[in-house]
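# Structural characterization, general
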Amino acid sequence: MKQHHRQDQQAVTILGSTGSIGANTLLVIAEHPERYRVFALTANTRVDVLFRQCLDFKPRFAVMSDVASADCLRQQLHDAGSDTEVLSGEQNLNAVACAPEVDCVMAAIVGGAGLLPGLAAARAGKKLLLANKEALVMAGDLFMAAVIESGATLLPIDSEHNAIFQCLPIDLNGRFANDPNHGFAKIVLTASGGPFLTSPLSEMAAMTPAQACAHPNWKMGPKISVDSATMLNKSLELIEACILFDTPANKVEIVIHPQSIVHSMVHYKDGSVLAQMGNPDMRTPISYGLAWPERISSGVAPLDLVAAARLDFLAPDENRFPCLRLGRQAAEARGTTPVILNAANEVAVAAFLDQRISFTEIPAIIADTLSQQPSIAVDKLETVLLEDAKARRSALKFVEQRSR
Ligand code: NAD
Ligand code: MG
C-alpha cells in the first residue's frame, strides 16, 4: 500500500487565479510541487493569462465566468493539446470550490462576485484561504456559521488579518481561542495610508485612476488599490477583523504605518504587544495559509531592518479619509450596513476607474447610498443578496446624477 505522510499533495482550487493574489498563489505553489497540485483555476475574462497558467499548472478544470471567454480558452487549449476541461458560468465556479477532490480553496475573486463560490467552499468544509474580504464584509455571520457547521478551516490571507492570526492564540481548527485567560486586549490594524497620505487636500478631487492605483508599497489589483487610496480598504478590514476574531469594533484600532513592515499587532492585558513583520509581499501570508500550521519558503526576501531604518506610526485623519468614518459606523451598526457600504463602494470605484466621477465623489456616493437605505438584520443569504442589489442600483443612480 502507498504510504501516506503529512506531505501528501493537496489539491488546490484558485478562484480568481489571473489576479494579483491568484498569480502570487501560483508562484508559491510552483516552489512546492511535492505539496500542492492545482485542481482548478478560474477567471472572469482574461483568456491569455488563464491559457498560460493552464499550460504551466495543468489543472483538471479551468472555469471562466464569461461564456465567450470560455469558448475562446477551450479552443486555444484544445489546439495546444491540453487536457484541461474548460467550463463557464457561476454554477461551475461554485462546483470547483466544493468538489470532493479539492482540499484547499484560495478565494481571490475581487468584490461581491466572490461571495457565493467562497461560501460554497466554506459549506463544503474546505481549508479556505480567504483573500476576498468583500465576502466577509457582506455575509460575515453567515460565513462564520458555515465554517463552524462544516468544520472548514478559515485562514485569513489579507496581510493584516494574517498577521493578527499569527499573533493570537488559535485553536486546532484555526479559530481564535477567545479564552479570558489569554488576556487579549485589542487589535491594532496597520495601514500604509496609500498614495495620498501627504498630498495637499486641495488636490484630492483631481486625483486620477492612475495616481490612485500607484500604491507606494503593494502591487495589487485596481479595485483594492483605489480602496487603499480612499482608505475604504481599511474600513472593510476593520469589519473583517471584527468578524474573523469575534471582536467589537471598539477593540480594533487603526494606525497609519507608511512603511508597511509591521502588518498588524495584538495587545494583551499585561502590556505585551505582539506584531508580525515582514517585507510587503503577499507571498508571505499566502504561503502561511497554504502550509498552516507549518511554515514553508515563500520566495520573499528576508526583512532587512537596518536598510528599512525607520518604522513610523501616526493617527489616521478622518477629514482626509472620510471613508474611515463611514467604515467605523458600519462596523458598529452591523446588520446590512456593511453590505450597503461595500456595494456602494464597488459601484463608486468602478465609476471612478471609468473616469465618470472624481476621487472625492467616492465617499460622497457611499454616504448618499447609506443614508437612503435603512439597515436591517441579516437573517439569511437572500437578504444579503437583495440588499446588495438594491444598494448597487441606488449607488448607480447617484453616479448618474453626478456624472451628468
Ligand atoms: P485582481 O483584480 O488582481 O484579480 C481579481 C480576480 O478576480 C481575477 O482573477 C478576475 O478574473 C477575478 N474576477 C473579477 N471579477 C470576477 C467576476 N465577476 N466573476 C468571477 N471572477 C472575477 O484583484 P486582487 O488584487 O488579486 O484581489 C483579489 C481579492 O483579494 C480582493 O478581494 C482583494 O481585496 C483581496 N486582497 C488583495 C490583496 C493584494 O495584494 N492584491 C491583498 C489583500 C487582499
Ligand atoms: Mg490588507
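So, here's what we can say about the structure.

## Some remarks on the pairing of strand 9 (residues 252-256)
By the criterion of burial, strand 9 is predominantly enclosed, with 4 of the 5 residues buried. Here 5 bridges tie strand 8 (residues 184-191) to strand 9, and the two strands are oriented parallel to one another. By the bridge assignment for strand 9, leucine 189 is matched with isoleucine 254.

## Focus on unusual backbone geometry
Phi is mostly negative for residues that are not glycine, and the peptide bonds are mostly trans. Cis geometry marks the peptide bond from tryptophan 292 to proline 293; its omega dihedral reads 5°. Positionally, proline 293 belongs in the loop between helix 11 (283-291) and helix 12 (305-308). The phi dihedral of aspartate 246 falls on the positive side, at around 45°, and the residue is not glycine. Inspection of the secondary structure puts aspartate 246 in the loop between helix 10 (232-244) and strand 9. You can call aspartate 246 exposed: its relative accessible area is 59%. Residue serine 260 is not a glycine yet carries a positive backbone phi of 50°. Given the relative accessible area of 5%, serine 260 is considered buried.

## Thoughts on the packing of helix 10 against helix 14 (residues 337-353)
The geometry of helix 10 relative to helix 14 is characterised by a closest axis approach of 11 Å and an angle of 155° between their N-to-C directions. By the criterion of interaxial angle, the relationship of helix 10 to helix 14 is roughly antiparallel. As helix 10 packs across helix 14, the resulting crossing turns out to be left-handed. Where helix 10 abuts helix 14, its residues Leu232, Leu236 and Ile239 lie against Pro338, Leu341, Asn342 and Asn345. Residues belonging to the contact of helix 10 with helix 14 are distributed by class as follows: 5 nonpolar, 2 polar and no charged.

Cut-offs and rules
Residues numbered from 1 in each chain as written. Chains lettered and ligands numbered in written order. Predicted model: local features only at pLDDT ≥ 70, side-chain atom pairs only at ≥ 80, totals over all residues. Heavy atoms only, no water. Buried < 20%, exposed > 50% of the residue type's maximum accessible area, 1.4 Å probe, protein only. Helix = DSSP H or I, 4+ residues; strand = E, 2+ residues; numbered from the N terminus. Pairing = 2+ DSSP bridges. Axes fitted to C-alpha atoms, helices over the stretch in contact; angles between N-to-C directions. Parallel < 35°, antiparallel > 145°, perpendicular 65-115°, else oblique. Left-handed = near helix turned anticlockwise from the far one by under 90°. Contact = heavy atoms within 4.5 Å. Nonpolar A, V, L, I, M, F, W, Y, C, P; charged D, E, K, R; others polar.

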